[in-house]
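Chain by chain, the residues run as shown.
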Amino acid sequence: MVAKIALLAVFFIATLALGIIYKKKIHSMDDFVLGGRSVGPWLTAFSYGTSYFSAVVFIGYSGQFGWNFGISAFWIGIANALLGSLAAWVVLGKRTRTMTKHLGAATMPDFFSKRYNSKALKLVSALIIFVFLVPYSASVYKGLSGIFSMAFGIDFKYCIIGMAVLTCIYVVLGGYMAAAANNFVQGIVMLGGIVAVVFAVLNGKGGFTEAVKALSQVEVAEGAVGEGMKGAYTSLFGPDPLSLLGVMILTSLGTWGLPQMIHKFYTIDSEKSITKGAVISTIFAFVVAGGSYFIGGFGRLYVQSGEGGMPSVAYDEIMPNMLEGVLPDILMGLVVVLVLSASMSTLSSLVISSASTLTVDFFKGFIKKDMKDNQQMIFTRAFCVLFMAISVVLALFPGTLITNLMAISWGALSGAFLAPFMYGLYSKRITNASVWVSFIAGIGFIVLNMFMKFMSGTSAGAVSMLITLVLVPVVSMITKKPDKEHAEKCFSCYNKVD
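On a predicted model such as this, the values are computed, not experimentally measured, just so you know.

Before going further, it helps to spend a moment on helix α11 (residues 259–267). Here α11 lies mainly inside the structure; nine of its nine residues are buried. Buried within α11 are the following residues: P259, Q260, M261, I262, H263, K264, F265, Y266 and T267.

Considering all chains together, one arrives at 25 aromatic pairs under this definition. Geometrically, the ring pair formed by F65 and F69 is stacked, given 5.8 Å between the ring centres and 10 degrees between the ring planes. A residue pair is termed a helical-turn pair when its members lie 3 or 4 positions apart in one helix, as F65 and F69 do in helix α4 (residues 55–69) at four residues. Accessibility assignment for this pair places F65 and F69 in one class, buried. These aromatic residues form a ring-pair network of at least three members: F111, F112, Y116, F417, F421, W436 and F439. The ring of Y116 is capped by R115, whose NZ or CZ atom sits 4.7 Å from the centre of that ring. K205 extends its terminal NZ or CZ atom over the ring of Y302, reaching a point 4.7 Å from the ring centre.

Below, the discussion takes up the pattern of salt bridges. Considering all chains together, one arrives at four salt bridges under this definition. A salt bridge links K114 to D110; the nearest nitrogen and oxygen atoms lie 3.5 Å apart. Linking K114 with D110, this pair stays in helix α6 (residues 108–115), spanning four residues, or about one helical turn. The partly exposed category is assigned to K114, whose relative accessible area is 29%. When the shortest N-O distance is used, the salt bridge between D110 and K122 registers 3.6 Å. Here K122 lies in helix α7 (residues 119–152) and D110 lies in helix α6, a separation of twelve residues in the sequence. In this pair, the class of D110 matches that of K122, namely buried. In this structure, a network of salt bridges that share partners links the residues D110, K114 and K122.

Let's shift gears to unusual backbone geometry. Residues other than glycine seldom take positive phi values, yet N117 does so here, at roughly 55 degrees. A relative accessible area of 57% means that N117 is categorised as exposed. Backbone geometry at K453 places phi at a positive 50 degrees, although glycine is not the residue there.

Further remarks concern the environment of A179. Inspection of the secondary structure puts A179 in helix α8 (residues 156–203). Relative accessible area serves as the criterion here: at 3%, A179 is assigned to the buried category. Leaving out residues up to four positions away in the same chain, A179 has contacts with Y170, S348 and I352.

What counts as what
Residues numbered from 1 in each chain as written. Predicted model: local features only at pLDDT ≥ 70, side-chain atom pairs only at ≥ 80, totals over all residues. Heavy atoms only, no water. Buried < 20%, exposed > 50% of the residue type's maximum accessible area, 1.4 Å probe, protein only. Helix = DSSP H or I, 4+ residues; strand = E, 2+ residues; numbered from the N terminus. Phe/Tyr/Trp six-rings, centres within 6.5 Å; stacked < 30°, edge-to-face > 60°. Lys NZ or Arg CZ within 6 Å of the ring centre and 35° of its normal. Salt bridge = Lys/Arg side-chain N within 4 Å of Asp/Glu carboxyl O. Contact = heavy atoms within 4.5 Å.

Bear in mind that shape data such as this cannot, by itself, settle questions of function.
Structure follows, in structure tokens:
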């Protein structure tokens, strides 16, 4: 317990210190939200990676999908690295930085407004972001609470509130740069922690070979996909390849439309840094996501099966149960800091994206258009606190799975935003009508599935994105062409040298 508390204390002190240091460097709203658009490749890449992988992945997704798919869940980590990180940086990175700087856009709603010359799009997208980032934030809290309670024996309510207060302090103090600097430190902790956990979990069952051998003897339960099969959980694509594909698409392609992820490309210092950032981000994703899903695949060796092949504990409790039996105190302390790092880095990105959107795109855009810079910072900080409070309340609501909350958030946001954002960076032909169709179809499909439940939340999120990727170009072809002069003005930035 002394070792765990000591590690936690060092982490808290370092986190708050960075918040205080960067508070002195905040002189404008641009500094608070974008870091002055001068963030280097290492900080940006680590900020992207740590915002991507929170306790939702390490606790919720690795536990549930490791149980469902076995070792083949590792494919999700590979997809996260290649599609969710590398491809996202290559396809979106340079064009996002160049056009958002040219348009003077600080947020995704600001981009939609200026790219498509529509204040209505700005208002609606701002409200969508605030509404659907809340459940994602709540899922991050829930992911942390289980392992924190197990390690310290503290009621999860106090864990959630404590993390919210700490994150809120350093974000409110130092803005984006404090978050980015903390993300770098937290990313290093995550890399070391994941490697240590992988070795501990395998050694707990006699090493890699013995663990795989034991897992290969597990039979797929009656009524499940692949019923009666042995070796399914050590096979290449697992017992349910289609569901596996749905999770890969949601958790990888989904990053392309999430405002808190795209925001990283706004802040990087130059186009040249994007190439280096892409490599760093991909390696980070491979280690953290790949390691998380890989160890999750051995969950059946540590947790007994219940009725119908379901785990004897909740999905969210699988990883804490695995780690409790194999980690010495010092490593358990490291894992607690790992999960705390992953959670707080993601939360800081969510808070800044949501709060800045409400201030810049809603209040300044529609209610108080003459809002001064210092007033914007005051409002943004206030909304950071409000966003945290609402998320905490939702996280304390019992009975909601981490994966359900995340699937709703990612599915709705990326379903609505991915297609019009990506196509808007490349094509002058994309129309306002197609953007509205994407908003309606992307969110409508997720909400409909919430009530009718015709497929899993992860599959619905993947389908939502694929639908709008088809709808946007099709609707653009059959609706009125956008103003040619405005489109040319937006795309003129690509003729300039950075």
